[in-house]
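Okay, here's what each chain looks like letter by letter:
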Amino acid sequence: MERMPTLHDAFQAHARIRPMIRETLVIPSPDLAKETGAAGIHLKLECLQNTGAFKVRGAANKILSLSNAEKEKGVITFSTGNHGKAVAYVAGLAGIRAVVCLSEHVAEYRAEAIRALGGEVARKGRSQDEAETHYHELTRDLGLIPVVPFDDPMVIAGQGTIGIEILSKLPDTDVLLIQLSGGGLVAGIAMAAKSINPTIRVVGVSLERSPAMLESIKAGKPTPVEEKDSIADSLLGGIGVDNRYTLPMVNTFVDDHVLVTEEEIEAGMVYIFQKHRLVAEGAAAVGVAALMHGKVDVAGKRVTTVLTGSSIDSGVYVRILNRDIHDV
Ligand SMILES: *Cc1c(COP(=O)(O)O)cnc(C)c1O
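Numbering of residues starts from 1 in each chain and follows the order in which that chain's sequence is written. In view of the model being predicted, local features appear only for residues whose pLDDT reaches at least 70, and side-chain atom pairs are presented and counted only at 80 or more, with totals across whole chains, interfaces and linings using the full set of residues. To get the side-chain values, all heavy atoms of the structure are used, and hydrogens and water are removed first.

Peer 1: Is there a simple way to think about the packing of helix α8 (residues 153-169) against helix α9 (residues 184-196) in this case?
Peer 2: A pair of packed helices can be characterised by two numbers: the angle between their axes and the separation between those axes. Viewed as axis vectors pointing N to C, α8 and α9 meet at an angle of 50°, and their least axial separation amounts to 7 Å. Taken as axis vectors, α8 and α9 run oblique relative to one another. The handedness of the crossing between α8 and α9 comes out as right-handed. Across the interface between the two elements, I156, Q159, G160, I162, G163, I164 and L167 of α8 pack against G184, L185, A187, G188, I189, A192, A193 and I196 of α9. A class-by-class count of the residues in the contact of α8 with α9 yields 10 nonpolar, five polar and no charged. All axes here are fitted lines through C-alpha atoms, helices being fitted over the stretch that makes contact, and every angle between N-to-C directions spans 0 to 180 degrees. Put simply, DSSP marks the helices as runs of H or I at least four residues long and the strands as runs of E at least two long, and each gets a number from the N terminus on. Our angle categories are set so that under 35 degrees counts as roughly parallel, over 145 as roughly antiparallel, 65 to 115 as roughly perpendicular, and the remainder as oblique. Handedness of a crossing is defined here by the sense of rotation of the near helix relative to the far one, left-handed for an anticlockwise turn of less than a right angle and right-handed for a clockwise turn. The contact rule is simple, with two residues in contact once any of their heavy atoms fall within 4.5 Å. Note that Gly is not counted as nonpolar here; it falls among the polar residues with everything else outside the nonpolar set of Ala, Val, Leu, Ile, Met, Phe, Trp, Tyr, Cys and Pro and the charged set of Asp, Glu, Lys and Arg.

Peer 1: Any chance you could explain the pattern of salt bridges here in plain terms?
Peer 2: If the charged atoms of two oppositely charged side chains come close together, the side chains can form a pair. One speaks of a salt bridge when a side-chain nitrogen belonging to Lys or Arg is within 4 Å of a carboxyl oxygen belonging to Asp or Glu. For the coordinates displayed, the defined rule picks out 21 salt bridges. Between E130 and R126 there is a salt bridge; the shortest N-O distance is 3.6 Å. Look at E130 and you get partly exposed, because its relative accessible area is 34%. K295 is the salt-bridge partner of E264, the closest N and O atoms lying 2.6 Å from each other. With E264 in helix α12 (residues 262-276) and K295 in the loop between α13 (286-292) and β10 (302-307), this residue pair connects regions lying 31 residues apart in the sequence. Burial status follows relative accessibility: with a 1.4 Å probe on protein chains alone, a residue under 20% of its type maximum counts as buried, one over 50% as exposed, and anything between as partly exposed. Overall, the relative accessible area of 13% leaves E264 in the buried class. Judged by relative accessible area, which is 28%, K295 ranks as partly exposed. Taken together, the salt bridges that share partners define one network made up of K44, E46, R57 and E165.

Peer 1: Before we go on, may I ask you to explain the site of the ligand in this structure?
Peer 2: We define proximity as follows: a residue is near a molecule or strand when any one of its heavy atoms falls within 4 Å of that partner. Near the ligand, the surroundings consist of 16 residues, among which K55, N82, G183, L185 and T308 are the closest. The contact in question runs from an oxygen atom of the ligand to an N or O atom on the side chain of K55, over 2.6 Å. Burial of the ligand by the surrounding chains reaches 98%, relative to a free accessible area of 380 Å². When its residues are assigned to classes, the shell around the ligand shows five nonpolar, nine polar and two charged. Any N or O atom pair separated by 3.5 Å or less is treated as a polar contact, with the protein-specific requirement of one donor-capable and one acceptor-capable atom, and with residues adjacent in sequence counted only for side-chain atom pairs. Where accessible areas are quoted, they stem from the Shrake-Rupley method and a 1.4 Å probe; at the residue level, only the protein chains shown are allowed to cover.

Peer 1: Quick question: what am I supposed to make of the pairing of strand β3 (residues 75-78) here?
Peer 2: One face of the sheet, then the other: side chains in a regular strand alternate in exactly this way. A two-sided burial pattern is seen for β3, the buried positions comprising V75 and T77 on one face and I76 and F78 on the other. For two strands to be treated as a pair, DSSP must find no fewer than two bridges joining them. Summarising the sheet, β3 and strand β4 (residues 98-102) pair through four bridges and their orientation is parallel. Following the sheet pairing, T77 is matched in β4 by V100. Note that β3 and strand β6 (residues 145-146) share two bridges and pair parallel.

And the structure:
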């Protein structure tokens, strides 16, 4: 598919991927609503999705729509982790070969999770863009079919199924607060949600440390940012120098942008554990972090944000919870 995905594509994706995904719960967060003055705040629990993150939706939509000849060749991807896991998982269930290219920056437990699902891991490069170069070489040399993490209409349509699920449970949602890295997630959800109800306001939440999409929007073209570590490591990485879909879609469908700091994200993770007894990785907590720290005016609004994943090293997670308990 060589065009922007539509709501119809997201509906088709939903039917296609249903056997491989969970329709995750949407739960209320009454204390957060009270603290922010919102009429209601809901959390969509993609942290309980198969493989521990929402990315299985886009990966499944892409891989299941390949031709038999393409499936026979096998698939390849590069990823900061969750997408790689999703591709390995879907390919494993479908009996397809999967090669996952990671930069040396990506935590080792993420590589192990990919191998455990039957994926082959190829590590090279200091940044995600370097891992991408290696991936282009391997794609050419091995004749594999690329499954990219965000800039593909089928992947975006797959992530859009989250928007369909949110609005079927909560049709009166006013504001969607969505993580923004490569932009596949927010592009898919915003496109689907606004196709259903154009008055919904979509706010993208980016890392203050690495706002690749925001810099690209300002520059009017894909713009690399210096890669730094973040507790929200799933949100690191550029938008790709050849970006075709997510940059224009974010421009079209996202109304506002906010930034969150490392400290705010950690506070969000602790809040999610303390109030809901759920494990959110850093990337999953940025919407809650933005709400807690008054980054978005939600007074009187019905708000939904997505807890996108739970892939976090247990040692890192325990340190964050402990630090908070001792500091407060
Ligand atoms: C990939 C990812 C995101 C961001 O999605 P994009 O499509 O890259 O914007 C957010 N949270 C988690 C847990 C992720 O794995």
